[in-house]
Amino acid sequence: MNRFTKLSFCAAVVTPFALLPVQASAQMAYPDKCKSEAMNTSSGGDMPTGEMTDYQKASMEGMKSMHDDMMQGMMNKDADVAFICGMIAHHMGAISMSEAELKYGDDKAAKAMAKKVIAAQKKEIADMTKWVEKQVK
């Protein structure tokens, strides 16, 4: 299957979910201060790469890789396997974003949070990978 076919398939599968409310749970909401005018969905949501900072480019590269792996994992017909494999990729994306923060960030507290994210996500990836190796035949 070529990349275009994969992306078309993923878009067909994911698009219906894009209509669902974007909230982690009843107690959690994405902070308004985290929303960017540059990613305004009414204008298409794409920021030209040339306008991105080095930090944004590094973060986006990690997110692209994470997205492809997560979508592949989530396509497993077994809900447990799909969840675990999707989360492994998601956590890898968090590590990539955290590494970009360590390289480009200036704030001491933000860098400390990035280090904590990396440590926690690596442990969880190891635990989830062990589960996959044991449970998936």
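This structure is a prediction, so every number in the text was calculated from the model and none was measured.

Moving on: the overall build of the protein. Broken down by element type, the protein carries four helices and zero strands. Every one of the 137 residues in the protein was classed for burial, and the buried ones make up 22%. Counting only carbon and sulfur atoms, one obtains 61% of the accessible surface of the protein, whose full area is about 10,500 Å².

Quick look at the environment of Gln121 now. Its location among the elements puts Gln121 in helix α4 (residues 108-135). Distance from Gln121 to Met87, taken between C-alpha atoms, is 9.9 Å for residues 34 residues apart in sequence.

The subject of this paragraph is the packing of helix α2 (residues 54-74) against helix α3 (residues 79-104). The contact between α2 and α3 brings their axes to 8 Å, and the two run at 170°. Classified by the angle their axes make, α2 and α3 are roughly antiparallel. Contacts from Asp54, Tyr55, Ala58, Ser59, Gly62, Met63, Met66, Asp69, Met70, Gly73 and Met74 of α2 reach α3 at Ala82, Phe83, Cys85, Gly86, Ala89, His90, Gly93, Ser96, Met97, Ala100, Glu101 and Tyr104. Taken together, the residues that form the contact of α2 with α3 break down as 13 nonpolar, seven polar and three charged.

Procedures and definitions
- Residues numbered from 1 in each chain as written.
- Predicted model: local features only at pLDDT ≥ 70, side-chain atom pairs only at ≥ 80, totals over all residues.
- Heavy atoms only, no water.
- Helix = DSSP H or I, 4+ residues; strand = E, 2+ residues; numbered from the N terminus.
- Buried < 20%, exposed > 50% of the residue type's maximum accessible area, 1.4 Å probe, protein only.
- Areas by Shrake-Rupley, 256 points an atom, 1.4 Å probe, with all protein chains shown as cover.
- Axes fitted to C-alpha atoms, helices over the stretch in contact; angles between N-to-C directions.
- Parallel < 35°, antiparallel > 145°, perpendicular 65-115°, else oblique.
- Contact = heavy atoms within 4.5 Å.
- Nonpolar A, V, L, I, M, F, W, Y, C, P; charged D, E, K, R; others polar.

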